[in-house]
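Inside the fold
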Amino acid sequence: MPADPASSLAALRTRLLSGTDQCVKCGLCLPHCPTYALQGEEGASPRGRLALIQGLAQGRLDAGPGVAAHLDGCLSCRACEPVCPAQVRYGEMLDGGRQWLALQQPRRLGALRWFSPLLTARAGRALLRTLLALYHRSGLQTLVRRSRVLGHTRLARLEALLPARRAVAPVAADPGAGPAVAQLHIGCLGQVLDQAAVADLQAVFAAAGQPLAVPAGQGCCGALHQHAGDAAQARRLARIQRAVFDPALPVLALASGCGAGLQDGWRALGEPAPAVHDPFDWLAPRAGALAFAPTPLTVWVHRPCTQRHVLRSRGEGLLGLLGRVPGLRVRELPDRGCCGAAGLHMVQRPAAADALLAPLLDALEAAGPEDVVLSGNIGCALHLGGGLRRLRTAARPPPPVLHPARFLRRCLPAASPAARSPV
């Protein structure tokens, strides 16, 4: 691992001891922790994991597989933070604990460093877009799924999460007349899998008279590396993103997970940085006379963990905008904890991820017909979509799971040049 004074064990030990010592072991976090509810073990709770991290830093525990399994099993949903009376920065401590493991066992980061360039480098993202387009258009995806040639491997799990449509090429929309009032962060996966949502969000902002810029040169926020324990790479990526964005304008995150990653990464740098917001919370009070066409559909709204617990958004902005759509029936998926996506968790621990997703799927099944499911985080959308496809049959096809921007653009009046079908 590259030499970095901030990443040294001595500096990390001091930070971990100080942070974990704030935990008063009250247990108020336990009812809010999805993995504790699932497993019923202290080591699967925030309090238990903080105790393990404290033991590592004190030298009372070795960085063995048992400790690693408990720390790696956390979803980083951060549901424990808002209810903590001691205001422990659990997410920061968890990332620090994984960093400790990585410093002790560098091989933990081997797989991440192998595929990381596919997401962090512009050429890597372009290659992924091209490969996905070929995979969809050639009919290979249909053949792979029907033949089940991948079996029950992790690769099969990853493939099952891909939407059953061709990859969308990068597109851009006219941000509208006048200077931009805010700037959009797309994220690495967003540039590969959800580029169409960028143009749709710009179109909705333009219709509201709020030009939205998309700075060139942006990329990965570093959240994947931060949560894996690769603090040096996470800091490097955070610094790159900070240089891309205008510090005088607010940053709006296309995906809530990326927004959380930017916020945490920039705070770790300890330097001035733009504020990060949910795009719909920012737009709603500035939408003025934004009007939508009648849309007699039923939509279900999913609120990702990173939106609720890190960006501290309750989703009122999106619900307010959807409430302006005549004829639209809006329902919220129940808050049953994390959906189980959690970055790579849905691939690395599929059984646990599916168990966490099940209550949301059950809610959709019990509620009756639905037309669209909306989620503001790309990982959650992929996980929800994959779960619905496994559950449904050809006789009852699953609803599309869309970024809210894609749906809102569809609801713009037909006379508006911004309006077009998002699916």
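For the rest of this paragraph, the subject is the overall build of the protein chain. Along the protein chain, the regular secondary structure elements total 22 helices and eight strands. Relative to the globule expectation of 22 Å for 423 residues, the C-alpha radius of gyration of the protein chain, 21 Å, shows essentially globular dimensions. Projected onto its principal axes, the C-alpha positions of the protein chain cover 65 × 50 × 40 Å. Sequence separation of 24 or more characterises 77% of the internal contacts of the protein chain that already satisfy a separation of 6 or more. Carbon and sulfur atoms make up 58% of the accessible area of the protein chain, which totals about 18400 Å².

A few words on the pairing of strand β1 (residues 182-185). Going residue by residue along β1, you find Ala 182 and Leu 184 tucked away on one face and Gln 183 and His 185 tucked away on the opposite face as well. Strand direction decides the pairing type here: β1 and strand β2 (residues 212-213), joined by two bridges, are parallel. Each residue of the ladder has a partner; that of Gln 183, found in β2, is Ala 213. As judged from the three bridges shared by β1 and strand β3 (residues 251-253), these two strands associate in the parallel manner. Residue pairing across strands places Leu 184 opposite Leu 252, the latter belonging to β3.

Let us now look at the pattern of salt bridges. Inspection of every chain in the model, using the stated rule, returns 18 salt bridges. Arg 108 is the partner of Asp 72 in a salt bridge, and the nearest nitrogen-oxygen pair spans 3.0 Å. Of this pair, Asp 72 sits in helix α4 (residues 65-72) while Arg 108 sits in the loop between α5 (90-104) and α6 (110-115), and the two are 36 residues apart along the sequence. A relative accessible area of 26% means that Arg 108 is categorised as partly exposed. The partner of Asp 230 in a salt bridge is Arg 113, and the shortest N-O contact between them spans 3.4 Å. Note that Asp 230 is positioned in the loop between α13 (223-228) and α14 (231-244) and Arg 113 in helix α6, a separation of 117 residues in sequence. Taking relative accessible area as the criterion, Asp 230 reaches 3% and is therefore assigned buried.

Time to look at the nonpolar core. In terms of nonpolar packing, the biggest core is built from 34 residues, with Leu 201, Leu 290, Leu 322, Phe 407 and Leu 408 touching the most fellow members. Put simply, the parts of the chain that give this core at least two residues each are β1, α12 (195-207), α16 (279-283), β5 (298-302), α18 (316-322), β7 (372-375) and α22 (404-410). In terms of residue count, the dominant contributor to this core is α12 (five residues). Within the second largest apolar cluster, 22 residues are counted, among which are Cys 29, Leu 52, Val 67 and Val 88.

What follows deals with the environment of Leu 319. Assignment of secondary structure puts Leu 319 in helix α18. For the pair Leu 319 and Ala 284, spaced 35 residues apart in sequence, the C-alpha separation works out to 9.2 Å.

Strands sit in the order β6-β5-β7-β8 across an open sheet of four strands; the sheet is parallel. Every other strand in the sheet has two partners, leaving β6 (329-332) and β8 (401-402) as the edge strands with one partner each. Of the pairings in the sheet, the one linking β5 to β7 comprises four bridges and is parallel in character. Bridge pairing in β7 links Val 299 to Val 372. Against the sheet, helix α20 (residues 350-367) contacts β5, β6 and β7, and its axis sits at roughly 165° relative to β5. Across the sheet, helix α21 (residues 378-391) lies against β5, β7 and β8, angled at about 150° from β7, the strand it touches most.

About the criteria used
- Residues numbered from 1 in each chain as written.
- Predicted model: local features only at pLDDT ≥ 70, side-chain atom pairs only at ≥ 80, totals over all residues.
- Heavy atoms only, no water.
- Helix = DSSP H or I, 4+ residues; strand = E, 2+ residues; numbered from the N terminus.
- Rg over C-alpha atoms; globule rule 2.2 N^0.38 Å.
- Contact = heavy atoms within 4.5 Å.
- Areas by Shrake-Rupley, 256 points an atom, 1.4 Å probe, with all protein chains shown as cover.
- Buried < 20%, exposed > 50% of the residue type's maximum accessible area, 1.4 Å probe, protein only.
- Pairing = 2+ DSSP bridges.
- Salt bridge = Lys/Arg side-chain N within 4 Å of Asp/Glu carboxyl O.
- Core = buried A, V, L, I, M, F, W, Y, C linked by side-chain atoms within 4.5 Å.
- Axes fitted to C-alpha atoms, helices over the stretch in contact; angles between N-to-C directions.

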